[in-house]
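Overview (structure and organization)
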Amino acid sequence: MIPVNTPLLGGNEKKYLNECIDTGWISSEGPFVTRFENEFANYIGRNYGVAVANGSAALDIAIQALDLQVGDEVIMPTFTIISPAASIVRVGAIPVLVDSECDTWNMDVTQIEAKITQRTKAILVVHIYGLPVEMDAVLLIAKKYNLKIIEDAAELHGQTYKGKKCGTFGDISIFSFYPNKHITTGEGGMVLVDDKKLSERCKSLRNLCFMPHRRFVHEEIGWNYRMTNLQAALGVAQLEQIDKFVNRKREIGSLYNELLKNVKELEFPLASTDSAENIYWVYGLIVKESCPLSALEICAELGKTQIGTRPFFYPMHLQPVFRNKGWYLNETYPVAERMAEKGFYLPSGLGITDEEIKIVAKTLKEIIK
Ligand SMILES: *Cc1c(COP(=O)(O)O)cnc(C)c1O
């Protein structure tokens with residue numbers, strides 16, 4: 001069996017977890033939490049890190065910390081996981097959507113300006129699958145219209161845009177450490193900011209908004225989104241290996257590119273753009289119209305041989321939960337719709353071996369033939 005993802009836990013993970021157990025520090029009060037926050041913030045190049053329970057929680061905190069209000073509009077890609085849209089909707093704000101670029105699969109930044117209204121407060125960028133969003137354009141628009149930028153970098157730990165790390169561009173950025181991300185804490189996430197006040201606000205929101213001077217008195221509603229010392233211990237150990245992991249991800253992507261390059265029925269991830277080299281968070285493919293099989297059929301066939309796959313994201317404008325509110329009913333985003341219908345990704349977690357990649361590529365070729 002070749003699962004769609006397996007993590008690599010071969011560094012100091014066990015040692016640091018044992019330290020937690022030996023010292024009795026297992027809650028969020030333990031020392032690995034601040035250590036992981038400092039080391040990850042330092043690695044990305046931001047002043048403050050706030051470790052949280054998962055990436056979706058990090059988005060909730062980011063949206064709340066920027067004081068988005070009922071009726072505010074936030075421009076974001078339709079092609080993404082639901083987490084960013086969910087966080088926007090929960091505060092009563094409205095996700096306003098743009099389509100994707102067909103080659104990078106990222107939000108088409110040339111569509112942003114036409115979506116700006118009096119109510120637009122922020123742009124939420126999501127770096128998709130391995131290449132960064134065209135940030136220069138986003139930064140220009142945000143400046144021109146005085147908009148906040150929230151950067152969802154949950155898929156791009158270690159990726160850069162024109163030499164600068166992803167996760168340093170927004171007013172606030174977030175990462176996830178789910179086991180299929182470049183480094184993992186099992187479940188986990190982080191909010192990164194440069195502003196001290198904002199970091200304190202995020203910390204407060206993570207911890208039920210307890211008042212510093214009088215516990216159990218609250219002026220605002222927060223969450224318990226704390227990360228445990230056990231998770232942070234994994235994070236510290238994983239971060240020690242991140243350069244190796246990022247290189248390995250690029251090797252996995254290159255190997256698939258090489259092995260599959262003659263398959264005319266498939267569209268491949270772009271290896272690079274002017275601003276970055278693909279980091280291949282997942283190795284995604286799009287089935288061309290000339291292919292006799294649909295993406296779903298290919299995934300089903302691969303599944304029969306014990307090879308795990310996932311379909312691409314399903315666009316926000318087609319989500320029943322939003323359409324039932326009457327949203328997006330007359331909107332079409334043809335690039336995202338095609339990606340959702342024809343896209344899937346192959347096993348591409350850090351634990352996969354070259355031998356397994358060769359088996360996957362060979363099986364896929366046989367199925368398409
Ligand atoms: C994984 C992911 C998230 C959510 O992270 P969780 O830790 O699973 O909650 C958010 N945004 C993007 C783009 C992701 O890929």
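Residues numbered from 1 in each chain as written. Predicted model: local features only at pLDDT ≥ 70, side-chain atom pairs only at ≥ 80, totals over all residues. Heavy atoms only, no water.

One open sheet accounts for seven strands, arranged β1-β9-β8-β5-β4-β2-β3; its pairing is mixed. Pairing within the sheet leaves two strands with one partner each, and these edge strands are β1 (48–52) and β3 (94–98). Across the sheet, the axes of successive neighbouring strands diverge by a mean angle of 20°, strand direction being ignored. When strand β4 (residues 120–126) meets strand β5 (residues 148–152), the two strands line up parallel, connected through five bridges. Note that in β5 the partner of V125 across the bridge is E151. (Pairing = 2+ DSSP bridges. Helix = DSSP H or I, 4+ residues; strand = E, 2+ residues; numbered from the N terminus. Axes fitted to C-alpha atoms, helices over the stretch in contact; angles between N-to-C directions.)

Residues in contact with the ligand, as listed here, are N54, G55, S56, I81, S83, V126, D152, A154, E155, S176, K181 and G188. One nitrogen or oxygen atom from the side chain of S56 is found 2.6 Å from an oxygen atom belonging to the ligand. Here K181 contributes a side-chain N or O atom positioned 2.7 Å from an oxygen atom of the ligand. Protein chains bury 91% of the 380 Å² of accessible surface belonging to the ligand in isolation. (Near = heavy atom within 4 Å. Polar contact = N/O pair within 3.5 Å; in protein donor to acceptor, adjacent residues only side chain to side chain. Areas by Shrake-Rupley, 256 points an atom, 1.4 Å probe, with all protein chains shown as cover.)

This part covers the packing of aromatic side chains. By convention here, two paired aromatic rings are described through the distance between centres and the angle between planes. Under the definition given, this model contains 24 aromatic pairs. A ring pair is formed by Y161 and F169, whose centres lie 5.6 Å apart and whose planes are at 85°; its orientation type is edge-to-face. The exposure class of Y161 is buried, given its relative accessible area of 1%. One aromatic cluster in this structure is built from F79, W105, Y129, W281, F312, F313 and Y345. The ring of F210 carries R215 above its face, with NZ or CZ at 4.1 Å from the centroid. One residue, K325, lies across the ring of W327, its end atom 5.3 Å from the ring centre. (Phe/Tyr/Trp six-rings, centres within 6.5 Å; stacked < 30°, edge-to-face > 60°. Buried < 20%, exposed > 50% of the residue type's maximum accessible area, 1.4 Å probe, protein only. Lys NZ or Arg CZ within 6 Å of the ring centre and 35° of its normal.)

Here the focus is the pairing of β1. For β1, the buried fraction is high: four of the five residues fall into the buried class. One ladder, built from five bridges, connects β1 with strand β9 (residues 189–193); its direction is antiparallel. Its bridge partner being in β9, V52 is matched across the sheet by G189.

Right, let's get into the pairing of strand β13 (residues 343–346). Along β13, one buried face is formed by G343 and Y345 and the opposite face, lined by F344 and L346, is buried too. Where strand β11 (residues 283–287) meets β13, four bridges bridge the pair, whose relative direction is antiparallel. Opposite G284, over in β13, you have Y345 as the bridge partner. Examined bridge by bridge, strand β12 (residues 310–311) and β13 share two bridges and lie antiparallel to one another. Counterpart to R310 in the pairing with β13 is Y345.

Let us look at the sheet that holds β13. Pairing within the open sheet is antiparallel, and its four strands lie in the order β10-β11-β13-β12. The open sheet has two free edges, formed respectively by β10 (266–267) and β12, since each of these has just one partner strand. Contacts from helix α8 (residues 242–260) reach β11 and β13, with the element oriented near 30° to β11. Sitting on the sheet, helix α12 (residues 354–368) touches β10, β11 and β13, and the angle it makes with β13 is about 145°. (Contact = heavy atoms within 4.5 Å.)

Moving on, we come to the side chain of N180. Among the structural elements, N180 can be located in the loop between β8 (172–176) and β9. With relative accessibility at 17%, the residue N180 sits in the buried group. Residues within four places of N180 in sequence aside, it is in contact with N5 and W281.

Turning our eyes to something else, we now look at the domain arrangement of the protein chain. The assigned domain composition of the protein chain is domain 1 (13–239) and domain 2 (242–368). Across the contact surface, domain 1 and domain 2 share zero salt bridges. Here domain 1 is connected to domain 2 by 16 residue pairs in polar contact (both at pLDDT 80 or more). Secondary-structure elements contributing two or more residues to the side of domain 1 that touches domain 2 are β2 (73–77), α4 (83–90), β3, β6 (160–161) and α7 (229–239). Residues that form the side of domain 1 that touches domain 2 fall into these classes: 21 nonpolar, 12 polar and eight charged. (Domains from an automatic or database assignment. Salt bridge = Lys/Arg side-chain N within 4 Å of Asp/Glu carboxyl O. Nonpolar A, V, L, I, M, F, W, Y, C, P; charged D, E, K, R; others polar.)

Now for helix α3 (residues 55–65). With respect to burial, α3 is a largely interior element, nine of its 11 residues being buried. For α3, the complete set of buried residues consists of G55, A57, A58, L59, D60, I61, A62, I63 and A65. Among the residues of α3, the N-terminal cap falls to N54, whose side-chain oxygen and the backbone nitrogen of S56 are separated by 3.0 Å.

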